[in-house]
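Now for the letters of each chain:
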Protein chains: 2
Amino acid sequence: MTRRDFINSTGASYASLLAWGFLQPAPASAFNLPPNGRRDDGKARRVVVLGAGLAGMAAAYELGKLGYDCTVLEARSRSGGRVWTVRGGTKETEKGSDAQTCRFEEGLYFNGGAARIPHHHQLTLQYCRELGVPLEIFNGANEAAYLYNDGGTGELANRRMRIKEYHNDMRGYTSELLAKALDQSALDQQLTKEDVEKLIDFLKNEGDLNTSHLYKGTNRRGYKTKAEPGAGPVAGELTDPYGLTDLLRSGFMQPVFYNVGDYVYEQQTTLLQPVGGMDAIPKALEKKLTGKIVFNAPVTELRKTENGVRVVYQKDGKPTELTAEFCVCTLPLPVLKNIESDLSGTVKRAADFVPYIKTGKIGLQFKRRFWEEDDHIYGGISRTNMDINQIWYPSFGFMGRKGVLIGYYNFYSRAEAVGAMPITEREKLALTQGSKIHPQYPAEFDNSFSLAWHRIPFSEGGWATYDDATRKKFYPSLLEPDGNIYLAGEHTTYLTAWMAGAFTSARRAVEAIHARVGEYTKK
Amino acid sequence: MTRRDFINSTGASYASLLAWGFLQPAPASAFNLPPNGRRDDGKARRVVVLGAGLAGMAAAYELGKLGYDCTVLEARSRSGGRVWTVRGGTKETEKGSDAQTCRFEEGLYFNGGAARIPHHHQLTLQYCRELGVPLEIFNGANEAAYLYNDGGTGELANRRMRIKEYHNDMRGYTSELLAKALDQSALDQQLTKEDVEKLIDFLKNEGDLNTSHLYKGTNRRGYKTKAEPGAGPVAGELTDPYGLTDLLRSGFMQPVFYNVGDYVYEQQTTLLQPVGGMDAIPKALEKKLTGKIVFNAPVTELRKTENGVRVVYQKDGKPTELTAEFCVCTLPLPVLKNIESDLSGTVKRAADFVPYIKTGKIGLQFKRRFWEEDDHIYGGISRTNMDINQIWYPSFGFMGRKGVLIGYYNFYSRAEAVGAMPITEREKLALTQGSKIHPQYPAEFDNSFSLAWHRIPFSEGGWATYDDATRKKFYPSLLEPDGNIYLAGEHTTYLTAWMAGAFTSARRAVEAIHARVGEYTKK
């Protein structure tokens, strides 16, 4: 059987396509299953979808292809949920905070929620292809960005260094130490003499060691600016490496400084982003669902009925009812737990106990893209152990006049503390701490827009953060239908936090509903 | 003195700006020097520039700002020289080869020469800013691209592997070995017990070691496709690491497989490229020189006169003469050596003996972007020890219908051998060898366009490749004016092969001419 035969075979389920690594050119209809979302009387089966985020819209879109009649209820006046791009004019009022209206210049923006697509998230990429969302590179790992260790001791305390300096020095010293151990035959390893020679060859290159197998610095960490190699009579002068013990003792062994771009599977090169902002994806889905989404319609009750479900939502300040045969509920668990429902006790306990991350971002508009002009940083991420945690530089609009960078991206207790501050204090903190890495901040600052997902109505958290215990105890119940109610959303997958989680969960719910209807039809 | 004061001070030369790391917002006129390119009689001083590549055009552009009257003689019918983007309709006939006309689809292209801009090439970036050339990320280091070792022995011979597998396995094993040496106190290093603990922390993260400090694989190298982590009841299953001795013995210790994206200063992240093709830069410069460039005008003689220079060039089949006070000669040395001239013996010997690299590329158009759809490769480079050497995937136009990748990029004897083949044989070689990495090649291939720089008229080489001896013997003479003739081009810098070399050399020549004229004025 060829690949194409396999894909075209009607028995190929989403799960098996995934299993075979075949999530590719958009299927004409979801999973290539025959549409049969109609009842014996020829009417379409009705499905109510709660939430017009990616999971809800993808579910409605795929169910629509199969002949189901979907209505999507969305509490906000916009689609996308946590896939949200902040631009000039964007408004938000967090619980307990002042209202904000974004004042960024035309063309400048940052992605407040989802912000990158790993190259191996095949389903997300497939939806971009199918929906015609153009993509560009998201520069995740930039060797020119900075690390800043606040505190620590020694030469390298309280200062910034380029990531390339840290990486190459640590690789140099560790390669030197291992070469030394191998030279001394200090390791009772199973390697032959020839293997050791080859490994030392590798180390000489990995660490840029000299002929005596010592690390004495490398041009990989850059040249002294005073002798930039160029048109002059001599080549550039190398910079001096930092000391190994200085590096070890300065605090740079903290996890925040790890080589995330290499280490984390989801953050390895290559990462992608939609041109013009991540909300290009929900906007494209929304277009496929014209007339199917009811906005400003927060759900207050979710009931099981004899033949399906009954949902109560607020519309123009009045409770309104909707009945359907099935419900796909994509509400985040912190929102779901405050809704009156007939959900099973297991699901209700999951909603109460599955933890969600507290997380925040701030977009800072500057009058000048000094990070590009002065520091030669084009995209990528600087990392620090301060409350701001990360600074993200935009991977688009290079060399424009003004620019917006993400001044903090933080998590857990840091996000909680910063999120609890008044809006103006968040800005002050971002500027004060960020100035330690970029002294240009005070002179160049324009305005800001900040957010704390755990304080934003209808989200109330960043994403589900299972530990082993909650994964074991609560996760399986979220995968099973609860009567005619099917849960979806990143929290119902192992791809928590990722758009891929929303999409895979939508597919799973659609497939489960469709299989059940198939059973009816057989009877 | 603040940065801005420094930049604004009229005494700041290009060299000192470079030295201070200040190559930034475009100067109103070159180097902020007062224009004085006029003679006592008020007439502009005349300069003839040989070659409308980046060096020649940048020199003419800057001299023009200073009041000089420049004429640029260009042998080809186009500007840009080795900054050349190949698209549908592009024609070239190499010495001894059949004529080629490119048949790529609208919107598809590859950069035949210069193809990436390092983030630290400040002057190139400054010109892009000044000329309004929009940039995007060039994805140089893609962990998802492949390595293919042709030959070798053992499990890993004659097969492709993802770069992420190689990187993470080698880092894992080397970290394990060093941790072992440190655990055994096998190294008489100067590290304290606390330093060793911190270093082992680093190694545990660098190599993703387990609690016993052993490398047993890592999710960084990916998951088994059969258990892609997703919406199901279990998380993904890890892939198994390759064996250390398999890796060492398979041939993967050859330089071609080194981690170039990390190792080579000029190829580290972040790299950039102009949107729409590298020739956006020469096209923008050409626009600034309207009426100043004479195309189809190959130079045949370069003479010194009492008051300057006399140049003879072919125009419409007839020798034509041009006189000027100064000449900026940017012709590549293999071209210069065949021109009748009054150049000094030292410069003539340099033209004879400075070696130029032989190098070739082929653009392959495919009916489908299978490297994206099937392999999840969005930009980046695969590397092999076969004659094709490298495969470059485009960093633009993701998920389009068709696509052009660079099917080989080779150097030295490989480039010589492949370049000597008939055009159709080059294509065959690229397809045969490339198929070992991408079995989709034969089914998806459309058409090709290949080039060998050492065979292309008016270039006759890739770039100058000095060794220590030629650098010492010939380089200094290229920096000095030879009478009123000033040399420029990448071969007159330490930034050989880079557009930054062309630009810095142009600046140096302009500054030297301008300083000399300033001396006249003082007299």
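Given the structure is predicted, the values throughout are model-derived calculations rather than measurements.

**Remarks on the packing of aromatic side chains**
Residues and elements named next belong to chain A. The final tally for this structure, using the stated rule, is 54 aromatic pairs over all chains. Seen from their ring centres, Phe366 and Phe370 are 5.0 Å apart, and the 80° between their planes marks the pair as edge-to-face. Judged by its relative accessible area of 0%, Phe366 falls in the buried class. Taking relative accessible area as the criterion, Phe370 reaches 0% and is therefore assigned buried. An aromatic cluster is defined as three or more aromatic residues linked by ring pairs; in this entry it consists of Phe366, Phe370, Trp371, Tyr393, Tyr441 and Phe445. Directly above the ring of Tyr109 sits Arg87, whose terminal nitrogen or CZ lies 5.5 Å from the centroid. Sitting over the face of the ring of Tyr242, Arg221 holds its NZ or CZ atom 4.8 Å from the ring centroid.

**Quick notes on the interface of chain A and chain B**
Taken together, the contact pairs 91 residues of chain A with 92 residues of chain B. When chain A packs against chain B, close to 8,400 Å² is buried across both sides, 58% of that on carbon and sulfur atoms. Connecting chain A to chain B are 4 salt bridges. Ionic pairing is found between B:Arg171 and A:Glu206, a salt bridge with its closest N-O pair at 3.8 Å. Summed over the shared surface of chain A and chain B, the result is 15 residue pairs in polar contact (both at pLDDT 80 or more). A per-element tally of the side of chain A that touches chain B places helix 5 (residues 163-183) of chain A first, with 10 residues. By residue class, the composition of the side of chain A that touches chain B is 41 nonpolar, 28 polar and 22 charged.

**Digging into the domain arrangement of chain A**
Per the domain assignment, the segments making up chain A are domain 1 (43-81 + 290-355 + 464-522), domain 2 (85-144 + 268-277 + 357-455) and domain 3 (151-253). In this structure, domain 1 of chain A and domain 3 of chain A have C-alpha centres spaced 53 Å apart.

**Examining the sheet that holds strand 13 (residues 299-304) of chain B**
With respect to topology, 4 strands assemble into an open sheet ordered 15-14-13-17 (chain B), the strand pairing being mixed. Either end of the sheet is taken by a strand with one partner, and the two such strands are strand 15 (318-324) and strand 17 (340-341) of chain B.

**Here's the deal with the relation of the copies chain A and chain B**
Mapping chain A onto chain B leaves a residual RMSD of 0.0 Å; the transformation is a rotation of 180° accompanied by 0.0 Å of translation along its axis. Viewed as a symmetry operation, the transformation between the two copies matches a two-fold axis. When the interface residues of chain A are mapped onto chain B, 100% of them are again interface residues, pointing to one common binding face.

**Focus: the pairing of strand 14 (residues 309-315) of chain A**
Regular strands place their side chains on alternate faces of the sheet. Residues and elements named next belong to chain A. Of the pairings in the sheet, the one linking strand 13 (residues 299-304) to strand 14 comprises 5 bridges and is antiparallel in character. Its bridge partner being in strand 14, Lys304 is matched across the sheet by Val309. Hairpin connection from strand 13 to strand 14: 4 residues lie between these consecutive antiparallel strands. Bridge analysis of strand 14 against strand 15 (residues 318-324) gives 7 bridges, and the strand direction is antiparallel. Residue pairing in the sheet places Val309 in a bridge with Ala324 of strand 15. Count of turn residues in the strand 14/strand 15 antiparallel hairpin: 2 residues, of which Asp316 carries a positive phi of about 50°.

**Details of helix 9 (residues 280-288) of chain B**
Turning to helix 9 of chain B, its buried residues are B:Ile281, B:Pro282, B:Ala284 and B:Leu285. Buried residues of helix 9 of chain B fall within an arc of 160° about the axis and therefore sit on the same side.

**Some thoughts on the sheet that holds strand 15 of chain A**
Read across the open sheet, the 4 strands follow the order 15-14-13-17 (chain A); overall the sheet is mixed. In this open sheet, the two strands that pair with only one neighbour each are strand 15 and strand 17 (340-341) of chain A.

**Notes on the packing of helix 5 of chain A against helix 5 (residues 163-183) of chain B**
When two helices pack together, their arrangement is given by the angle between their axes and by how far apart the axes lie. Interaxial distance between helix 5 of chain A and helix 5 of chain B falls to 9 Å at its minimum, and their mutual angle equals 60°. By the angle between their directions, the pair helix 5 of chain A and helix 5 of chain B is classed as oblique. For the pair helix 5 of chain A and helix 5 of chain B, the crossing hand works out as left-handed. Between helix 5 of chain A and helix 5 of chain B, the contacting residues are A:Arg171, A:Thr174, A:Leu177, A:Leu178 and A:Ala181 on the first element and B:Arg171, B:Thr174, B:Leu177, B:Leu178 and B:Ala181 on the second.

**Quick look at the pattern of salt bridges**
All names here are of chain A. Counted according to the given criterion, the structure contains 63 salt bridges over all chains. With its nearest N and O atoms 2.8 Å apart, the salt bridge here joins Glu373 to Arg368. Judged by relative accessible area, Glu373 falls into the buried class, the value being 9%. A relative accessible area of 13% means that Arg368 is categorised as buried. Taken together, the shared-partner salt bridges connect Glu62, Lys65, Glu130 and Arg507 into one network.

**Here's the deal with helix 13 (residues 412-419) of chain A**
A turn of α-helix holds 3.6 residues, and therefore any two residues three or four places apart point the same way. Residue and element names in this part refer to chain A. Turning to helix 13, its buried residues number three or more, namely Ala415, Val418 and Gly419. Burial along helix 13 is one-sided: seen end-on, the buried residues are contained in an arc of 95°. Among the structural elements, strand 18 (359-366), strand 21 (403-411), helix 14 (423-437) and strand 22 (445-452) are those in contact with the buried residues of helix 13.

Definitions and cut-offs
- Residues numbered from 1 in each chain as written.
- Chains lettered and ligands numbered in written order.
- Predicted model: local features only at pLDDT ≥ 70, side-chain atom pairs only at ≥ 80, totals over all residues.
- Heavy atoms only, no water.
- Phe/Tyr/Trp six-rings, centres within 6.5 Å; stacked < 30°, edge-to-face > 60°.
- Buried < 20%, exposed > 50% of the residue type's maximum accessible area, 1.4 Å probe, protein only.
- Lys NZ or Arg CZ within 6 Å of the ring centre and 35° of its normal.
- Contact = heavy atoms within 4.5 Å.
- Buried area = accessible area lost by both parts, 1.4 Å probe.
- Salt bridge = Lys/Arg side-chain N within 4 Å of Asp/Glu carboxyl O.
- Polar contact = N/O pair within 3.5 Å; in protein donor to acceptor, adjacent residues only side chain to side chain.
- Helix = DSSP H or I, 4+ residues; strand = E, 2+ residues; numbered from the N terminus.
- Nonpolar A, V, L, I, M, F, W, Y, C, P; charged D, E, K, R; others polar.
- Domains from an automatic or database assignment.
- Pairing = 2+ DSSP bridges.
- Least-squares fit on C-alpha atoms with pLDDT ≥ 70 in both.
- Arc of directions from axis to C-beta.
- Axes fitted to C-alpha atoms, helices over the stretch in contact; angles between N-to-C directions.
- Parallel < 35°, antiparallel > 145°, perpendicular 65-115°, else oblique.
- Left-handed = near helix turned anticlockwise from the far one by under 90°.

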